[in-house]
Amino acid sequence: MNQTKQKPFSLPHILLLILLLLVIGAIIWLFAGQKKGNPAYESTSLVMGTYMQQTIYGSGGEEAAAAASQAVANLENRISWRKEDSDIAKLNANAGKDWITVDDSTLSMLEQCLDVAEQSNGAYDPTILPLSSLWDFGGENQHLPDRDEVERFASYVDYQILRIDMEQKEASLKNSLYALDLGGAGKGAACDAAVQSYGQSGVSCAIVAVGGSVGVYGQKPDRTDWRVAIRNPFQNLEEQQNASMGTLDIHSGFVSTSGLYEKYFEQDGKLYHHILDPGTGYPVDNDLVSVTVVCDSGALSDMLSTACFVLGWEGSQELLTHYNAGAVFIYKNKDVAVTENLKDRLTITAGDYALLSKTDKDSSVDKS
């Protein structure tokens with residue numbers, strides 16, 4: 001009986017078999033991963049006097065969250081006027097005196113602050129500290145100041161006093177008694193720092209929230225848009241149950257909200273909130289309760305949300321177009337106005353809010 005002698009596997013055959021097994025294994029891993037879902041690492045910490053919440057996908061989530069938290073802490077140490085050795089504290093201490101050498105990142109942020117101040121005609125002003133300190137919203141001495149005090153302190157708010165020299169890496173406040181407060185950009189800048197840190201950590205995607213600002217990194221595991229909730233601005237004021245009034249779907253970028261519910265007090269039946277009009281020295285009173293801005297920079301979205309709150313709907317349109325940003329304006333009567341570039345991304349989930357039509361917005365929405 002003849003037997004056919006089998007040839008041993010050659011090296012190419014073995015390599016082909018290994019490759020086939022690897023492909024099959026990858027397919028099994030992919031489907032198993034989709035079925036199980038991509039696990040995420042979640043972290044909550046305290047930064048800049050508020051909560052920093054992170055959700056990170058991919059390996060090394062815990063290390064990436066720690067690195068992002070450290071990046072934000074480093075930022076705070078550079079830009080907080082409350083930190084004695086920060087760049088901003090040194091600039092304030094030397095107002096009317098010397099130029100100060102500052103960190104490159106601080107200088108870039110100051111340049112961005114100046115640009116927004118100029119484009120908004122001072123609706124956002126980084127030299128707001130004399131006024132914000134006078135009112136002391138959220139502090140131990142928050143109160144309604146005398147009118148003459150407000151007028152006097154408002155005279156020391158003028159972004160044109162801030163000077164920067166990018167070549168020499170220096171900055172200064174031209175006159176004494178002026179002082180910087182970057183709180184109107186800080187939470188958004190913290191999201192910038194976190195998102196930049198994620199890129200260095202090598203995680204697949206992440207979302208971070210610091211106070212009223214949110215930043216996203218990468219594409220979600222399920223390939224859908226990131227869904228960012230817009231806070232119900234009446235939640236604190238009226239003790240309503242709905243934590244959000246709606247959601248925004250975004251591919252990438254940053255979202256910041258400025259609302260009168262953040263810090264406020266009541267006196268003689270009137271509510272005073274922390275969003276001050278640099279021109280008058282008093283809280284803005286234009287029937288708005290919150291403004292949410294979406295753009296490609298965290299610090300910019302934060303500054304624009306403040307500026308747009310001061311300017312109102314009509315006054316904000318040119319500013320938003322200049323920075324290619326979108327915005328959602330919510331009024332005290334729960335009317336909602338949204339820019340055209342966000343209209344298909346906004347979903348109102350609370351039943352007592354009404355979306356204004358383009359005709360409504362053009363004719364009557366600006367109540368400032």
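The residue count restarts for each chain, going from 1 along the sequence in the order it is written. Predicted model: local features are reported for residues with pLDDT of at least 70 only, side-chain atom pairs are reported and counted for 80 or more only, and whole-chain, interface and lining totals are derived from all residues. Calculated side-chain values reflect all of the structure's heavy atoms, with hydrogen atoms and water omitted.

Each nonpolar core is a collection of buried residues, namely Ala, Val, Leu, Ile, Met, Phe, Trp, Tyr and Cys, held together in the definition by side-chain atoms within 4.5 Å. Per-residue accessibility, obtained with a 1.4 Å probe over protein chains only, is compared with the maximum for each type, and a residue is labelled buried under 20%, exposed over 50%, and partly exposed between these values. Formed by 94 residues in total, the largest nonpolar core has its most connected members in Y198, V328 and F329. Note on conventions: DSSP H or I runs of at least 4 residues are helices, E runs of at least 2 residues are strands, and numbering of each starts at the N terminus. Ranked by the residues each element gives to this core, the list is headed by helix α9 (residues 298–322), at eleven residues. Ignoring anything within four residues of it in the chain, the contact list for F329 reads L288, S290, V291, C308, G312, W313, S316, Q317, L320, D335, V336 and A337. In this structure, L131, A154, Y272 and Y282 belong to the second largest nonpolar core, which totals twelve residues. Contacts: residue pairs with any heavy atoms within 4.5 Å of one another.

This paragraph deals with the pattern of salt bridges. Every case where a carboxyl oxygen of Asp or Glu lies within 4 Å of a side-chain nitrogen of Lys or Arg is listed as a salt bridge. As enumerated under the stated definition, the model contains seven salt bridges in all. D103 is the partner of R78 in a salt bridge, and the nearest nitrogen-oxygen pair spans 3.8 Å. Of this pair, R78 sits in helix α2 (residues 61–79) while D103 sits in the loop between β3 (100–101) and α4 (104–119), and the two are 25 residues apart along the sequence. R78 sits in the partly exposed class, given a relative accessible area of 24%. Judged by relative accessible area, which is 35%, D103 ranks as partly exposed. Of the charged contacts, one joins D352 and K334 as a salt bridge, the two residues approaching to 2.8 Å between their closest N and O atoms. Taken together, the positions of D352 in the loop between β16 (346–348) and β17 (354–355) and K334 in the loop between β14 (326–331) and β15 (335–338) put the pair 18 residues apart, joining distant regions of the chain. Residue classification places D352 among the partly exposed positions, given a relative accessible area of 38%.

Attention now moves to unusual backbone geometry. The phi angle at N324 is positive, at roughly 55 degrees, despite the residue not being glycine. The phi torsion at K334 lies on the positive side, around 70 degrees, for a residue other than glycine.

Our next topic: the packing of aromatic side chains. Here a Phe, Tyr or Trp ring, Trp counted by its six-membered ring, pairs with any other such ring whose centre lies within 6.5 Å, and the pair is stacked when the planes are under 30 degrees apart, edge-to-face when over 60, and tilted otherwise. This structure, assessed with the given rule, holds ten aromatic pairs. Here the aromatic rings of Y156 and Y178 are separated by 5.7 Å at their centres, their planes lie at 85 degrees, and the arrangement is edge-to-face. You can see Y156 sitting in the loop between α6 (147–154) and β4 (162–165) and its partner Y178 sitting in the loop between β5 (170–173) and α7 (183–201), a full 22 residues away along the chain. Both rings, one in F234 and one in Y353, keep their centres 6.4 Å apart while their planes meet at 45 degrees; by these two values the pair is tilted. Residue F234 is found in the loop between β8 (226–231) and α8 (235–238), and its partner Y353 is found in the loop between β16 and β17; the two are separated by 119 residues along the sequence.

The next subject is the pairing of β14. Buried residues dominate β14, accounting for six of its six residues. The alternating pattern of β14 places G326, V328 and I330 and A327, F329 and Y331 on opposite faces, both of which are buried. Any two strands between which DSSP finds at least two bridges are classified as paired. One ladder, built from six bridges, connects strand β13 (residues 288–295) with β14; its direction is antiparallel. By the bridge assignment for β14, V291 is matched with F329.

The next subject is the sheet that holds β16. Here three strands make up an open sheet; going across it, the order is β8-β9-β16 and the pairing antiparallel. Two strands bound the open sheet, and with one partner strand each, they are β8 and β16. Between one strand axis and the next, the sheet turns by 25 degrees as a mean value, whatever way the strands run. Where β8 lies against strand β9 (residues 244–250), six bridges are found, and the strand directions are antiparallel. Its bridge partner lying in β9, R227 is registered against D249. Only the contacting stretch of a helix is used when fitting its axis, a line to C-alpha atoms as for every element, and angles between N-to-C directions run 0 to 180 degrees.

Turning next to the state of the cysteines. Note on terminology: disulfide denotes any pair of cysteine sulfur atoms within 2.5 Å. Here the structure, examined in full by the defined rule, presents zero disulfides. As a non-bridged cysteine, C295 has C308 as the owner of its nearest cysteine sulfur, 9.9 Å distant. Judged by relative accessible area, C295 falls into the buried class, the value being 7%.

This brings us to the sheet that holds strand β10 (residues 253–259). Strand order in this open sheet of nine strands is β1-β2-β6-β7-β10-β13-β14-β15-β17, and the pairing throughout is mixed. Edge positions in the sheet fall to β1 (40–47) and β17, since each of these pairs with one other strand and no more. Relative to β10, strand β7 (residues 213–217) runs antiparallel, the two sharing four bridges. Counted as the bridge partner of V216 is G253 from β10. This element, α2, spans β1 and β2 (50–57) of the sheet and lies at about 145 degrees to β2. Across the sheet, α7 is in contact with β2, β6 (205–210), β7 and β10; its angle to β7 comes to roughly 15 degrees.

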